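# Secondary and tertiary structure notes
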Amino acid sequence: MTRHEQIETISKKLETLDSEVLESLIKLLGRVQPTEKSAVMDDETRAWHDAELSKLEGYEPYNWGDIDPLMIGEPLRLEKQ
């Protein structure tokens, strides 16, 4: 999925949020500050970050085995303040 398609998908999902939830999300995102380490990418990292890897030919999809990659980690929880 291209970045443009990702933005369109997110925009469509945001349309379903009520205005209070959306306003809280915007305030929360405004308070988030990137760390110095994550704010700067070297050329190689930027190339991997921006690459459209879903269209590589000749490669089989990665075999995750018994792990569901979408279930790794913990969900983001937003709390009202």
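### Thoughts on the overall build of the protein chain
When its secondary structure is counted, the protein chain shows four helices and zero strands. Moving toward the C terminus, one meets the helices and strands of the protein chain in the order α-α-α-α. Taking 2.2 N^0.38 as the reference for a compact globule, 81 residues should give roughly 12 Å; the C-alpha atoms of the protein chain span a radius of gyration of 17 Å, well beyond that estimate. The C-alpha extent of the protein chain, read off along each of the three principal axes, is 50 × 30 × 25 Å. Taking all 81 residues of the protein chain together, the buried fraction comes to 0%.

### Structural notes on the confidence of the model for the protein chain
On average, residues of the protein chain score 77 in pLDDT, and 90% of them are at 70 or above. Looking over the protein chain, one finds the lowest element-wise mean pLDDT in helix H3 (residues 36–39), namely 57, and the highest in helix H4 (residues 43–50), namely 82.

### Focus on the layout of surface pockets
Its boundaries defined by the atoms lining it, the largest pocket holds a volume of some 470 Å³. For the largest pocket, the lining is made up of 13 residues, of which Ser-24, Leu-25, Glu-79, Lys-80 and Gln-81 are closest to its centre. One number sums up the size of the second largest pocket: a volume of about 220 Å³. Of all the secondary structure elements, the ones that give two or more residues to the lining of the second largest pocket are helix H1 (3–14) and H4.

### Looking at the pattern of salt bridges
This model, assessed by the stated rule, comprises two salt bridges. For Glu-23, the salt bridge identified is with Lys-27, shortest N-O distance 3.4 Å. Of this pair, Glu-23 and Lys-27 both sit in helix H2 (residues 19–31), four residues apart, which is roughly one turn of that helix. For Glu-23, a relative accessible area of 44% corresponds to the partly exposed category. In this structure, the salt-bridge partner of Asp-50 is Arg-46, at a minimum N-O distance of 3.7 Å. Taken together, the positions of Asp-50 and Arg-46, both in helix H4 and four residues apart, correspond to about one turn of that helix.

What counts and what doesn't
- Residues numbered from 1 in each chain as written.
- Predicted model: local features only at pLDDT ≥ 70, side-chain atom pairs only at ≥ 80, totals over all residues.
- Heavy atoms only, no water.
- Helix = DSSP H or I, 4+ residues; strand = E, 2+ residues; numbered from the N terminus.
- Rg over C-alpha atoms; globule rule 2.2 N^0.38 Å.
- Buried < 20%, exposed > 50% of the residue type's maximum accessible area, 1.4 Å probe, protein only.
- pLDDT = per-residue confidence, 0-100.
- 1 Å grid on protein atoms, 1.4 Å probe; cavity = no way out; pocket = protein on both sides within 12 Å on 5 of 7 lines; lining within 4 Å.
- Points joined across faces, edges and corners; volume = space filled by probe spheres on them.
- Salt bridge = Lys/Arg side-chain N within 4 Å of Asp/Glu carboxyl O.

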